[in-house]
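# Residue-level structure breakdown
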Amino acid sequence: MKVYLLLFLEVTILCLSTSKDLKAKARRYHVLNSYALSNITSISASEEADSVYIASVNRIDRLDKNLKRLDEAITGPQNDSADCTAPWCGVEGERVDNINKLLLVDHVKSRIIVCGSLYQGSCETRDWKTLEKIYNSKDRFLEENKPALRKMVCVSPDCNAVGLIGQGFTVGSPVLYIANSQDDVNAPHTTISALGIYSLNHSGKNENSLFGQTIDGNSVMDDINQNKPIFQYIFETGDFDTGHIYFLFNSQQVPYVKGYVNKIARICKRDSSFFSYVEMPLACDPDNPDVTIGERIITNAYFAHRGVHNGTLYVTYNFLKKEYSTACDYDIKVLDRLFEETLESCWTCGGYLNCGSEKIVELVEGECQISRYLTDDANVTQELLNENYLSFFPSFVPTTSVWCGTAYAASKIKRTKIIDGNIIYQEQNSNFSNIIVDDNQKVAFIGSLEGQLLKINLKENNKENRKYATVDIGEPLIGNLVWGIRDASHPPRFYAQTAKEVLHMTTAACKMYKDCQSCFASSDVYCGWCTLKNKCLAREECLSDAETEMARRWLKPGKDTCIHSENKLIFQRTHNGPIDILISNLPPLNARESYSCVYEGVSNISKPATTITSTRLRCVTPSPAQLPMTSSDSDFVEVTLKILYNNNVDILTKSVTFYDCEQYATRTDRPCYDCLKSKWNCSWSVAQHRCVSPSSIDSRTRDTWIKHDQIADCPRVLDLLTPHPFMPVRYPTTITLYVVNMPQMSGSHGGITCHFELDSSHHYNSIATIVPGAVGDPTSTNSGGKAQIVECSKTSFNYVGKKTQLQSKLTLTWDTDKTVDFKENEFTFYKCSATRDDCSKCLSADAQYRCGWCQNPGESNGGQCQIPELCNNRTFISESRKCPVHEITSFTPSSGPIEGGTEVEIFGKNMGATSSEVSEIEVADTKCTLIPEKFVTSTKIVCRTGKVVKETQGLVSVQVRNIKQTSKNMYKYKKPDVTTVEPLLGPQAGGTKLTVRGSNFNIGGSKRITIDHGFGAGVDCNDLSVVNDSMITCLTAEVTNAKDDLQLSLVIDGNYYLIPKLFSYKPNPQVKEVKTLSNSGHLTSYVGGGRKLFIYGSSFKSVQKSTLTATILDLDRSTQRKRHLLVRRNIKKSTEKRRRSSDEDFVFEADCKVEKDTMLICGTPQVKSGLESWTHLRTNAGVKPLKAFLTLFMDNVEITLGELTYLDNPDFHLSSSNQDRVAHDYLKIDVDHLAHSEAVTEDEIIVLIGKERCIVEPIYKSNQFLCEIPDQPKGDQLKYTLTVSIGFTTWLLGSVSYRPTKKSDYSTIIIVVVAAVVSVVVLFVVVCVLCKCRRKCNKANHDAMEREHELDIISPTNWMGAGTSKDKGNLYKTVPVNDRKTVQESPSSMRSRDQKRSYQVVPESDKTGKENLMSDDEA
């Protein structure tokens, strides 16, 4: 069951992995480019500008068609106020983001229109190439310009605005249409018009009228605002005189009531006052009773133009809380007819359809009524003009139709009768977010919030529409899908957007299909097979303009078929002539083009192919010598033939079969039968012992050949008469065979030979004779020919080795080397004596071998296993009860628990042929139960011990065939005792090494240690090892949850012995931070290693063994991973001595120490520079530092710590004399490659003079540092060794000699007195000039800073020493030295000297921020 479960899991994982790979592949081929940008609000593409524009929060980007950025303009944040309508309004505000709501391209004026949320939703114009703002002549005048920048778009972050630039009243005077979703009622601006019309016309000298609302749409559309419309799409049809503007939106059913009605509205382009405004409800409902109309919203739309007034509107809908989406189409002609029907119903029938009883019209205000002025629906009479009813029309506007509204007729009409669309696609568990349609190819592309792009093939009747591809984008698709800039060299492309990026996508990812069959199976209408490029490509990618009309160069799925060969190419190996290939859909060539033939793996030279007809090519076959050899178990070879176009494009790949009948003659079992049964219809010649193709037979000898349907005529062995196919060795045996159809031969034996090959040194050829007058019964054998008896002369066989048996085949030949067919050709030769060295083993052999035990008379031991015929004068024993008495030689284990249950293995000789012969077993006078399934014939008996009251011992006895024999050694019953275990806690990941102590552990058989995990469920320790009779070790197993106080038990042979102390599983260690004393953002160490890493986290004390490994990263990834795993396995074998193999030369390790539960200290692993591999790496790395990958192993817990940079070790040498030095003097040490503060700090450089520490002062130079010489040790020794240590590496720099100490004399006293007097004078002077010194303090500090810069001082870090980072005053003072010069000494170094330099600072990330001190020995 577990095997099937594992197999199921493997298949599931493979399927998921394959599915994931396919999704990634689809995205890779569909997404051509991407541009990362957040908060995108609008995308526009312009072929005239050859640009793509992206509007987002605070910026506008202009890109080329491949989404490479060309320009950008920053539009915010800026100071703004609810009272401002322009940047210069003068009202104090705050800086706010500019949400660019709308970006439209004005192709008439070569500019873009950008509308944003700043200044109450104002708009501005920018150059479409430079994105620079276009200013008008009155922008500098506040009062005159203020009305021009009106409230044009909504400002709330969640509201939506759509717009369109259409033709105005005259050519060259565009008009801007904007539809705004209702702002949030809590927003500062709530009076934005739902619909607005704005003139983009301007005079040459006055640009100020650009956004003046010359057509006022605010007041008449207030009622629409009340229903809080959410506009999703806007489009246009026709010219100014006859065209319309359409709006799609979701409107609340009742103001401020949840639930929406989906609507389309229309106005005439020449209607400047919305008198022609009509709205109609739309629907696109699936056949699903659970989906209600009130839950449906329009999410996006696309209008596919077909001419001036024709086209199809595609709309996507989501059903809220139902996870259901639909897409519908609407014919614009049908919608226009319904708009007119609505107007007519209101104006002529009072709102009733066809003046009947069904009311379909409502008005925002008033009622529909019949007007006397609408009796003529085609023309507006001069009477109406004279009465000034159409005074709102400019004089140049043609007024030829009443369908665009009038001032005297009902307006703002609402249709109530729902218009159902035609569903083109619907899907459950999906939320459609946008749509775009290629009307030429009839393909819809639908995006979803699930991050998928669906490709739908649209048919004439929508019932056959089919989703043929899904592209997993990985992020929700939002906004509009926008067609890209057209290019005749590839299929259409478009732009899509997610929350993070803009995607440049192709409609056809044909290149993801690698052969013609998968290309056709994709059902992608864009894709076809480009025959002369041998690729799946779109038509535009395949054909040049000159090739467009050339036949069969681009094959279309559903219309054409892939290029394929219609005939099988099968030839005999000896064929050496042309072959013709029938090829369908072979493209015809012009004079400069050609086809050629290449046999793959045979010859790399292509030979020209001859075109016989439009569907037939002729190639020349290779010679037989060029063909690959036929394998011994096959009779043919297949060669791949490629038809190439112009010698480099593979047009067709075809397999050519060359068969070989001749090879059957070399077969030893049934050459004639196999020849005739081959699928090539070969023929067999008995006389020639040859198999050939019928086409190769000479017509004059055709009758002497056996044809493929004459198998019964083959010479063959029918049956084995004697002996039994099991044949003993060393016993002369005669083999008798029935044969049929043997050829006529001269002589008594006829040249027939029987041949056996048992091994390389035992070959047997015996003469065979046809028994005269002995004829088989053809009817009984169904021989089909004359049956005869053949005898192989008597032969004694043998083979090398102690194999019990060996199989071999008999080869019956005539005329020296011609083989007779022999089907059941299997003989078994056996040795009774092989592996059967006693009577019980011998008699356990199968009865068909006839083995028995041959024993000399009067002998109780000795003998041999043989067949009766070879026993000669010895006694042949065939019954086990007559076998010699058994003998016990040993048993194991030698002791066990007094509770019993131990499986004792008893070894000996002649202990029964079967387990049934064992009648009784006793161990220490206690019954031991036989385990029959573990019985081994004659040599081993296994039994399970019984229980005894107390410790005891005794012999082992076994009764076989009613005879009891006892052992020579004693078996001991003992009682184990468990006293203690350590440690008592470990991580839940396991791997903790437990050590159990006690006595009598080295008894019994099976042992395990269990950890009770509650409710009787326990886990066993791994890798249990009995160290000695008083100690057992094991590694804890991994558990799911941490738990305290778990009972440990030692189990020996099923008997439980409780361990007195309890064990606790603790949460796995966690690492939060890794630092060095440098406290920098990255980890650095010398290759010598040993730099302390301070690892902060939790639960470190639950770990028993911690090891840090560094894997060098200057390797290829596969080798790197392999070596990482190798060292990981070695680390986990903590009880074994670790040995590094050659494959682990780039992985180094070091032990760690747990300081406390929240801190672990590890030394960086040392890179062994003596290895050749390390030298090789340093050579390849050049001047670059070496990178290593750090991994922390804590029992079974493995944590990645990141990268470590290794630097070359520094080089130290003395720069001054080291002789005649005194205490507290400064010793200068020069250094190369120090990398101070990066790979080492002052506290990590250990300078020793003898055994005393020479404290390193703050380092200001990269090539030198000072250390203060310690007090001279007591005694007469003056010379001490000088060493420098960093981590694991120590440098010997020679020695340092102290100046000899002299006894006091008068000169010394005088010097002391003079010094005291001078000190008093200096003190007085210091007091006098204190004020002046104070005034110059700042200048002194400044000069000190300059000196630091000149000396390349590297500032000490927070971890350099106590108080270093907190002193704000003068950090340095002058200290006298022996050479009468001065050096700068920091307060930290002074304090450390005062503290006798016995402590250094160790960093720790704790909440108090206090510095922890520990001694040098501890650190």
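Residues numbered from 1 in each chain as written. Predicted model: local features only at pLDDT ≥ 70, side-chain atom pairs only at ≥ 80, totals over all residues. Heavy atoms only, no water.

## Here's the deal with the pairing of strand 71 (residues 993–999)
The side chains of a regular strand alternate between the sheet's two faces. What counts here: When DSSP finds two or more bridges between a pair of strands, those strands are recorded as paired. A run of H or I in DSSP becomes a helix once it reaches four residues, and a run of E becomes a strand once it reaches two; helices and strands are each numbered from the N terminus.
Strand direction decides the pairing type here: strand 69 (residues 977–982) and strand 71, joined by five bridges, are antiparallel. Across the sheet, Asp977 pairs through a bridge with Ser999, a residue of strand 71. Where strand 71 lies against strand 75 (residues 1031–1035), five bridges are found, and the strand directions are antiparallel. Paired with Thr995 across the bridge in strand 75 is Thr1033.

## Focus on the pattern of salt bridges
Definition in use: For salt bridges, the criterion is a side-chain nitrogen of Lys or Arg within 4 Å of an Asp or Glu carboxyl oxygen. Relative accessibility under 20% of the residue-type maximum defines a buried residue, over 50% an exposed one, and the middle range a partly exposed one, all with a 1.4 Å probe and only protein chains included.
Counted by the stated rule, this structure contains 45 salt bridges. The residue Lys133 makes a salt bridge to Glu124 at a minimum N-O spacing of 3.5 Å. Given a relative accessible area of 17%, Glu124 falls into the buried group. Put simply, Lys1066 and Asp1044 hold a salt bridge, and the shortest N to O gap is 3.0 Å. Of the two residues, Lys1066 sits in strand 77 (residues 1055–1066) while Asp1044 sits in strand 76 (residues 1043–1052), which places them 22 residues apart along the sequence. For Lys1066, a relative accessible area of 26% puts it in the partly exposed group.

## Notes on the nonpolar core
Burial of nonpolar side chains together is a common tendency in soluble globular proteins. Put simply, the rule reads: Residues grouped as a nonpolar core are buried Ala, Val, Leu, Ile, Met, Phe, Trp, Tyr and Cys residues, joined through side-chain atoms within 4.5 Å. Here a residue-residue contact requires only that any non-hydrogen atoms of the pair lie within 4.5 Å.
If you look at the biggest cluster of nonpolar residues, it comprises 105 residues, and the most contacted ones within it are Leu248, Ile264, Leu313 and Leu641. In terms of residues, this core owes the most to one element, helix 5 (residues 332–349), which gives seven residues. When residues no more than four places from it in sequence are discounted, the contact partners of Leu248 are Ile230, Phe231, Gln232, Tyr233, Phe235, Lys263, Ile264, Leu282, Ile298, Ala301, Leu313 and Val315. Core analysis: the second largest hydrophobic core is formed by 39 residues, Val739, Val790, Tyr799 and Leu810 among them.

## Things to note about the sheet that holds strand 4 (residues 59–63)
As a reminder, the rule being used: Lines fitted to C-alpha atoms define the axes here, with helix axes fitted over just the stretch in contact, and angles between the N-to-C directions of these axes take values from 0 to 180 degrees.
Reading across from one edge, 2-3-4-5 is the order of the four strands in this open sheet, with antiparallel pairing throughout. Each of the sheet's edge strands pairs with one partner strand only, and the pair in question is strand 2 (40–46) and strand 5 (69–74). Across the sheet, the axes of successive neighbouring strands diverge by a mean angle of 15°, strand direction being ignored. Direction of pairing for strand 2 relative to strand 3 (residues 51–56): antiparallel, over a ladder of six bridges.

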